[in-house]
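Survey of secondary and tertiary structure
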Amino acid sequence: MWATVILKRFWKLIPIFTRLADTPTLELQVQLVAVMLGCLLFPNLVLLFYPVTRGSVVLQAAGLSYPDAIRYHRWLGHAVMVMVTAHSLGFWGVWVYQQQWLKEALDQGDRINNLAGGVSFLSGLALWLSSLEVARRSNYEVFYKLHHIGFWGFTFAGCCHVSSMFWYFLPGLILYGIDGVYRIQQALWEGNVTDNNKSNNSGSVQIWEAGASRNNSICYMLLSAPRYAVSATGFIWLNVPDVSWHSWHPFEYFAVPLKSNTCYNGENNSQNNQSRSGSSSSTGILVHIKAYDRWTKDLIKLVAAQQQRSGSSSSSSSSSSSSSSS
């Protein structure tokens with residue numbers, strides 16, 4: 001509807017622009033359609049960044065879970081990049097036809113900065129292509145890095161291209177910034193709970209059990225559940241400082257009861273069982289992690305190394321006990 005109103009408004013100005021600018025009608029029509037698509041970006045940019053804030057009050061008010069919000073973010077992202085691509089190629093096509101592409105593409109006018117617009121388009125294009133499922137699943141690390149680099153290139157250069165774009169970015173950026181500060185605060189939180197008899201309020205969790213497969217292709221972790229993790233299943237974001245202090249990765253979890261006689265790796269671990277019995281939380285979080293990128297591979301290697309050290313310690317203890325009995 002908005003596109004129709006904007007296009008109808010511009011279409012009425014075609015005869016005036018044709019006389020003033022001495023531009024052929026077809027080229028002018030292409031440019032006006034490109035301008036209309038650029039104007040349509042503004043409302044979509046307002047909505048684009050709301051879903052990426054995990055603790056956003058907007059998502060809570062709308063009753064959306066984070067996975068559902070990310071789905072909307074993907075849809076909006078595809079729509080935005082389709083409009084950005086059509087907007088950019090519309091102008092570039094006319095400039096190439098007029099044999100003025102280099103001059104116009106490098107123009108840094110006071111009102112419209114075409115050079116910054118091209119940088120914003122290329123940054124968004126790199127972000128978009130790396131976000132496609134085939135690229136994201138084949139190399140998640142490249143997707144993760146290009147998503148952040150492309151995001152800042154698209155945002156900053158876009159604001160330089162048209163200064164008014166900043167006000168459409170601002171609401172989502174404020175929520176994203178607050179969420180980012182909160183995540184960094186959790187990652188750097190020094191008040192980690194070390195006493196099993198104390199409640200966990202800091203967001204850090206204890207690892208009750210962890211194990212990795214022999215070929216280091218998958219591992220599992222049984223974590224103590226903080227107060228906010230009460231649903232039977234869902235998504236959590238894990239930060240492992242020994243792997244990377246700033247990286248957070250999402251995983252699906254299953255809530256399981258913590259019982260003194262339960263051991264998920266099939267081994268008898270009396271120390272863990274005793275700790276669970278004294279824990280203030282009766283629920284654990286079971287997470288399975290597959291070797292997917294460098295972060296997950298490093299995490300699985302860390303779990304496997306710890307598992308090997310624990311197994312060596314247990315074997316040494318058993319040998320000492322046998323020698324003592326003899």
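These remarks concern the structure in this document. Residue positions within a chain follow its written sequence, with the count starting from 1. With the structure being a predicted model, the display of local features is reserved for residues of pLDDT at least 70 and the display and counting of side-chain atom pairs for 80 or more, all residues being used for whole-chain, interface and lining totals. In computing side-chain properties, one takes all heavy atoms of the structure into account and sets aside hydrogens as well as water.

1. Description of the environment of Leu 76
As a reminder, the rule being used: Helix numbering and strand numbering both begin at the N terminus, where a helix is a DSSP run of H or I of at least 4 residues and a strand a DSSP run of E of at least 2. For every residue, the accessible area (1.4 Å probe, protein chains only) is compared with the maximum for its type, and the residue is labelled buried under 20%, exposed over 50%, or partly exposed between those bounds. It only takes one pair of heavy atoms within 4.5 Å for two residues to be counted as in contact.
Within the fold, Leu 76 resides in helix H5 (residues 66-97). Taking the relative accessible area as the measure of exposure, Leu 76 reaches 19% and is therefore buried. In the structure, Leu 76 is positioned 25 residues away from Pro 51 in sequence and 9.9 Å away in space, judged by C-alpha atoms. Aside from chain neighbours lying at most four places away, what touches Leu 76 is Asn 44, Leu 47 and Leu 48.

2. Considerations on the nonpolar core
A general tendency of soluble globular proteins is for nonpolar side chains to be buried together. Formally: Nonpolar cores are built from buried Ala, Val, Leu, Ile, Met, Phe, Trp, Tyr and Cys residues. Side-chain atoms within 4.5 Å join them into one set.
Within the largest apolar cluster, 23 residues are counted, with the highest numbers of intra-cluster contacts made by Leu 45, Val 80, Val 84 and Phe 169. For this core, the element with the most residues is helix H3 (residues 25-48), which contributes seven residues. Grouped together as the second largest cluster of nonpolar side chains are 17 residues, Val 240, Tyr 253, Trp 295 and Val 303 included.

3. Remarks on a nonpolar patch on the surface
The condition is simple: In this analysis, a patch consists of residues with relative accessible area above 30% that form no salt bridge, clustered at 9 Å for like charges and at 5 Å for the nonpolar side chains Val, Leu, Ile, Met, Phe, Trp and Tyr. A 1.4 Å probe and the Shrake-Rupley method give the accessible areas. Residues count as covered only by the protein chains that appear here. Just to be clear on terms, a salt bridge is a Lys or Arg side-chain nitrogen sitting within 4 Å of an Asp or Glu carboxyl oxygen.
Taken together, Val 96, Trp 101, Leu 102, Leu 106, Leu 115 and Val 119 make up a surface patch of nonpolar side chains, about 530 Å² in accessible area. Within the residue set of the nonpolar patch, elements represented by two or more residues are helix H6 (101-105) and helix H7 (114-131). You can see Val 119 is positioned in helix H7. Assessed through its relative accessible area of 42%, Val 119 is described here as partly exposed.

4. Regarding the packing of H7 against helix H9 (residues 140-161)
Rules: For helices, the fitted axis covers only the stretch in contact; all axes are lines through C-alpha atoms, and the angles between them, taken along N-to-C directions, range from 0 to 180 degrees. Comment on the angle field: the value is read as roughly parallel under 35 degrees, roughly antiparallel over 145, roughly perpendicular from 65 to 115, and oblique elsewhere. Should the near helix be turned anticlockwise from the far one by less than a right angle, the crossing is termed left-handed; should it be turned clockwise, right-handed. Residue classes follow a fixed rule: Ala, Val, Leu, Ile, Met, Phe, Trp, Tyr, Cys and Pro count as nonpolar, while Asp, Glu, Lys and Arg count as charged, and any other residue, Gly among them, counts as polar.
Between H7 and H9, the least distance of the axes is 7 Å, while the angle of their chain directions is 155 degrees. On the basis of their axis angle, the class for H7 and H9 is roughly antiparallel. At the point where H7 passes H9, the crossing takes the left-handed sense. Between H7 and H9, the residues in contact are Asn 114, Ala 116, Gly 117, Val 119, Ser 120, Ser 123, Gly 124, Ala 126, Leu 127, Ser 130 and Ser 131 and Phe 143, Leu 146, His 147, Gly 150, Phe 151, Gly 153, Phe 154, Ala 157, Gly 158, Cys 160 and His 161, respectively. By residue class, the composition of the contact of H7 with H9 is 10 nonpolar, 12 polar and no charged.

5. Brief notes about the packing of aromatic side chains
Keep this limit in mind: Centres within 6.5 Å are what make two rings of Phe, Tyr or Trp a pair, Trp counting through its six-membered ring; a difference in plane orientation under 30 degrees is then read as stacked, over 60 as edge-to-face, and the rest as tilted.
Under the definition given, this model contains 12 aromatic pairs. Measuring from centroid to centroid gives 5.1 Å for Phe 166 and Trp 167, while their planes differ by 75 degrees, and the two rings are edge-to-face. For Trp 167, a relative accessible area of 59% translates into the label exposed. Three or more aromatic residues joined by ring pairs form one cluster here, namely Phe 49, Phe 151, Trp 152, Phe 154, Phe 169 and Tyr 176.

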